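Commentary on secondary and tertiary structure
Read off the chains here:
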Amino acid sequence: MPRQPREKSESGIYHIMLRGINQQTIFEDNEDYFKFVETLENYKAVSGYKVFAYCLMSNHIHILLKVE
């Protein structure tokens, strides 16, 4: 059975969490972290969302952003 679609936030603020499968490492070295932040910045410029905070750990990521 498929998952129900997520509801849109009235405030437009979302906490996004990404995890590696089975706690697998998703960032091997500093270059991986820098590339992720660079990608986040590039898409921010294109999409116009605002990033309030992010936390990058070796096996998961938290992002707090607002969609306009």
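First things first, this report covers the structure right here in the doc. For clarity, every value in this text was computed on a predicted model and none was experimentally measured.

This part takes up the overall build of the protein. Scanning the protein from terminus to terminus reveals 1 helix and 3 strands. Put simply, the protein runs from its N terminus to its C terminus through helices and strands in the order β-α-β-β. In summary, the protein has a C-alpha radius of gyration of 14 Å against a globular reference of 11 Å for 68 residues, an excess of more than 25%. Each of the three principal axes of the protein carries a C-alpha extent, and together these read 35 × 35 × 15 Å. The buried share among the 68 residues of the protein stands at 15%. Sequence-distant contacts in the protein: of pairs separated by 6 or more residues, those separated by 24 or more amount to 54%. Split by element, the accessible area of the protein, about 5,800 Å² in all, is 53% carbon and sulfur. Here the protein contributes 8 positively and 9 negatively charged side chains, and the mean placements of these two sets differ by 9 Å.

Rules and cut-offs
Residues numbered from 1 in each chain as written. Predicted model: local features only at pLDDT ≥ 70, side-chain atom pairs only at ≥ 80, totals over all residues. Heavy atoms only, no water. Helix = DSSP H or I, 4+ residues; strand = E, 2+ residues; numbered from the N terminus. Rg over C-alpha atoms; globule rule 2.2 N^0.38 Å. Buried < 20%, exposed > 50% of the residue type's maximum accessible area, 1.4 Å probe, protein only. Contact = heavy atoms within 4.5 Å. Areas by Shrake-Rupley, 256 points an atom, 1.4 Å probe, with all protein chains shown as cover. Lys, Arg positive; Asp, Glu negative; His and termini not counted. Charge placed at Lys NZ, Arg CZ, Asp CG, Glu CD.

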